[in-house]
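A look at the structure
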Amino acid sequence: MAYQLYRNTTLGNSLWESLGELIQCHQITPQLALQAPLQFDKAINSALAQRDGIEFYDSVWTFVLNDVEFREVTELSKVDEVRIVACDGKNTGPKTTE
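Here the structure is a predicted model, which is why all the values come from computation and not from measurement.

As a further point, take the pairing of strand β2 (residues 60-71). Inspection of the sheet shows strand β1 (residues 54-57) paired to β2 by four bridges, in the antiparallel sense. Each residue of the ladder has a partner; that of F56, found in β2, is W61. Connecting β1 to the antiparallel partner β2 that follows it, the hairpin turn spans two residues, and D58 within it adopts a positive phi of roughly 55 degrees. Counting the residues that bridge the hairpin from β2 to strand β3 (residues 76-87) gives four residues.

In this structure, β2 lies alongside β3, joined through 11 bridges in antiparallel fashion. Within β3, the position partnered with F70 by the bridge is S77.

Turning our attention to the pattern of salt bridges. Applying the stated criterion across every chain yields a total of three salt bridges. Note that R71 and E69 form a salt bridge whose closest N and O atoms lie 2.5 Å from each other. E69 sits in the partly exposed class, given a relative accessible area of 36%. Salt-bridge contacts for E81 lead to R83; the nearest nitrogen and oxygen are separated by 3.8 Å. Overall, R83 belongs to the exposed group, its relative accessible area being 52%. What you see here is one network of salt bridges that share partners, running through E69, R71 and K78.

What follows covers helix α1 (residues 10-24). The end-to-end C-alpha distance of α1, which contains 15 residues, comes to 21 Å, matching closely the 21 Å that a straight helix rising 1.5 Å per residue would cover. Phi turns positive, to about 60 degrees, at H26, one or two residues after α1.

Our next topic: the sheet that holds β3. Spatial ordering of the open sheet is given by β1-β2-β3, a layout of three strands whose pairing is antiparallel. Of all the strands in the sheet, the pair left with one neighbour each is β1 and β3. Across this sheet, the average inter-strand angle for adjacent strands is 20 degrees, counted without regard to direction.

Its place among the elements puts R83 in strand β3. Spatially, the C-alpha atom of R83 lies 9.8 Å from that of I54, the residues being 29 residues apart in sequence. What R83 contacts, discounting residues up to four positions off in sequence, is T62, F63 and V64.

Conventions adopted
Residues numbered from 1 in each chain as written. Predicted model: local features only at pLDDT ≥ 70, side-chain atom pairs only at ≥ 80, totals over all residues. Heavy atoms only, no water. Pairing = 2+ DSSP bridges. Helix = DSSP H or I, 4+ residues; strand = E, 2+ residues; numbered from the N terminus. Salt bridge = Lys/Arg side-chain N within 4 Å of Asp/Glu carboxyl O. Buried < 20%, exposed > 50% of the residue type's maximum accessible area, 1.4 Å probe, protein only. Expected span 1.5 Å × (residues − 1). Axes fitted to C-alpha atoms, helices over the stretch in contact; angles between N-to-C directions. Contact = heavy atoms within 4.5 Å.

Interpretation note: all reported values are geometric properties and have no functional meaning in isolation.
What follows is the structure, encoded as structure tokens:
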């Protein structure tokens with residue numbers, strides 16, 4: 001099963017909004033609209049799987065980016081490497097009390 005994490009991003013929301021508009025204009029069927037995100041899930045996951053520096057293990061994503069630029073309106077900072085670690089915000093483990 002392909003991960004569906006992108007769906008709550010700007011890209012995912014825009015995809016759903018566009019599909020809704022296409023359905024309303026009768027340019028695609030609802031059944032076809034439901035297939036588009038599944039296909040996009042596969043494409044995103046395939047693209048991410050081919051990238052070095054991306055790992056997913058035990059509900060934790062690790063991204064390693066090289067030659068990164070951070071930009072503000074008037075400033076530019078360059079860094080050789082940035083490591084981003086992200087995990088599920090839901091605590092699914094057992095509750096412990098001391």
